[in-house]
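Chain by chain, the residues run as shown.
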Amino acid sequence: MPRRWIMWGIGLVLLLAGRGLSAQTFPTEDQVIKQMWQEGMENSHAYRLAQALLDSLGPRLSGSPGHRAANEWAVAKLRSWGIDARNEQYGTWRNWRRGINHVDLVEPRVRSLEATMLAWSPGTDGKVRGGLTILPDVESEEAFEQWLPQVRGKFVLTSYAEPTCRPDANWEEFATTASFERLKAERAEARRAWRTRIENTGNPRELAQRLEAAGAIGILGSNWSSGWGVTRIFSASTKLAPTFALSCEDYGLVYRLAENNQGPVIEVEADAEFMGEQPIFNTIGEIRGGEKSDEYVVLSAHYDSWDGASGATDNGTGSITMLEAMRILKASYPNPTRTIIMGLWGGEEQGLIGSRAFVEDHPEVIEGLQAAFNQDNGTGRVVNIAMQGFVGAGAHFGRWLSYIPREITQHIDLNIPGRPGGGGSDYASFVCGDAPAFNLSALNWDYFRYTWHTNRDTFDKVVMDDLKNNATLTAMLVYLASEDPERIPRDHIVLPVSQRTGEQMTWPECRPARRSSEAGQ
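Residues numbered from 1 in each chain as written. Predicted model: local features only at pLDDT ≥ 70, side-chain atom pairs only at ≥ 80, totals over all residues. Heavy atoms only, no water.

Brief notes about the packing of helix α3 (residues 46-57) against helix α17 (residues 464-483)
Applicable threshold: Every axis in this analysis is a line fitted to C-alpha atoms, fitted for helices over the stretch in contact. Angles between the N-to-C directions lie between 0 and 180 degrees. Going along the chain from the N terminus, every DSSP run of H or I of four or more residues is numbered as a helix, and every run of E of two or more is numbered as a strand. An angle counts as roughly parallel when it lies under 35 degrees, as roughly antiparallel when it exceeds 145, as roughly perpendicular when it falls between 65 and 115, and as oblique in every other case. Each helix crossing is assigned a hand: it is left-handed if the near helix lies turned anticlockwise from the far helix by less than a right angle, otherwise right-handed if that turn is clockwise. In what follows, residue pairs with any heavy atoms lying within 4.5 Å of each other are defined as contacts.
Packing of α3 against α17 brings their axes to within 10 Å, and their N-to-C directions diverge by 110°. In this view, α3 runs roughly perpendicular relative to α17, as classed from their interaxial angle. When you trace α3 past α17, the crossing you get is right-handed. Judged by residue contacts, A46, Y47 and A50 of α3 engage M464, L467 and K468 from α17.

Describing the pairing of strand β6 (residues 218-221)
Condition: Exposed residues in this analysis have more than 50% of their type's maximum accessible area, buried residues have under 20%, and partly exposed residues fall in between, with area computed by a 1.4 Å probe over protein chains only. Between any two strands, pairing holds if DSSP finds at least two bridges.
The alternating pattern of β6 places G218 and L220 on one face and I219 and G221 on the opposite face, and all of these are buried. Sheet topology places β6 next to strand β7 (residues 243-246); 3 bridges connect them, and they run parallel. Directly across from I219, in β7, lies its bridge partner T243.

Quick look at helix α9 (residues 248-259)
Because an α-helix packs 3.6 residues into every turn, residues spaced three or four apart end up facing the same way. Convention followed: To estimate how far a helix should extend, the number of its residues minus one is multiplied by 1.5 Å.
Across its 12 residues, α9 extends 16 Å between first and last C-alpha, which sits within 8% of the 16 Å expected from 1.5 Å per residue. The buried count for α9 comes to 9 of 12 residues, which makes it a mostly enclosed element. By the burial criterion, the buried members of α9 are C248, D250, Y251, G252, L253, V254, Y255, L257 and A258. Count one or two residues on from α9 and you reach N261, which has phi positive near 55°.

Details of the state of the cysteines
Rules: The disulfide criterion used throughout: a pair of cysteine sulfur atoms within 2.5 Å.
One pass over the full model with this rule turns up 2 disulfides. The residue that forms a disulfide with C165 is C248, at a sulfur-sulfur distance of 2.1 Å. Disulfide C165-C248: the torsion about the S-S bond is -85°, which places it as left-handed. Placement of C165 in the loop between β5 (155-157) and α6 (168-174) and of C248 in helix α9 is noted, with a sequence separation of 83 residues between them. For C248, a relative accessible area of 4% puts it in the buried group. In this model C432 forms its disulfide with C510; the gap between the sulfur atoms is 1.9 Å. Between C432 and C510 the disulfide shows an S-S torsion of about 100°. By sign, it is right-handed. Residue C432 is found in the loop between α15 (427-431) and β14 (437-442), and its partner C510 is found in the segment after α17; the two are separated by 78 residues along the sequence. When the bonded cysteines of the protein are counted from the start of the sequence, the pairing works out to 1-2, 3-4.

What follows is the structure, encoded as structure tokens:
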């Protein structure tokens, strides 16, 4: 027999054996669970959904045209699967469009700088050229006021310049102990000195506005996350002077040029447009229940993002998890016992605004909530679920997970009874109202260093196998929660005395949703 036939035969045996092993991973004969595995793990739409959302639509800054386009795309997807869907307005937000921006060093040499205009920054009227000045080291606010006229017509450097943009792990691996220890000591002292420099200007929160009022033509800063090539991108507070975040390396370059009086000049061109307060939405998908239609299971993820990159792991992955789970549910469990609702919330980055508004606007969902499942901490597979202080929830999760294939559950720890989350993500909007909501916490994948609110939060960071795992897990949990004959009790733990204050801790209180960008915090 030819060797290639033998190898083909061995391969076929192994393939069939693999399929047999896969079938044995099911701890139940439940056909819905088996079909969900088939849909989620072998017929996954996760890649195509993620690629379209993150590459083509891109980031979803609250109030931006990108956010609105993503709302409409999600509704169209849900309806294409036969799921009722709507965009539900919960307020208004300042509508801002980011255009092309460019920052170039033109003196003493030419270099295009890695720079990103901050969200809600004003743009420029064509190209603007100017010199650079560093925030001064003064002893008082009065001395700072005397210095302020010097910023007129200049770009102001307002951040600490890191002495090295190599991560500490790189130093630890290659540097001598003495060299690394010296770096850490000198850097710590320099950072303390810079904090004092900022404090001596007066109110740090008003610093950018004061520089702008004094005639600065732009604000430059850098928010390094301690990883290779990573910068955090947040929002501007100016109305006339464009504000930029530079990479650690390029900020250090222009800072040193200014510090050493080498005459740095930059040229900036930034396109941005404010379009006033515009409606802002949560995207809602719904599969109506049967026997217990006035009880609910909620899939939860925030849809908005910062826009320094694509918003991939914060929270594109959580949003795709919920969209894909809804597709799996519709294909495998089209007639649920309880009503299933998916919420892709807006405004999470501004304080859980969209989910808080939904909770306020839909008391019937909170009253009838069986469980809400939220995901919002990066691309990794789910490894921990805390019971949020609901003392009876652990028994329900124990039963539910016993039906789910071990390929998924082997990674998961239950934190029983846990403590209630007061913020951090949208599950807290439900928990504060004594409604059982749970965060599906994922592996880190260096989330906080490399992708959380950074210029590197892009499609390539998504771990597709973990995303498929999470969508399948979520669909199975929703199904099992829907079919559970018992409700999760709302009894919760008595919280301990705070070691910080010495006072009895209390259950989190729900905060009212902020309904517009013009309203107070």
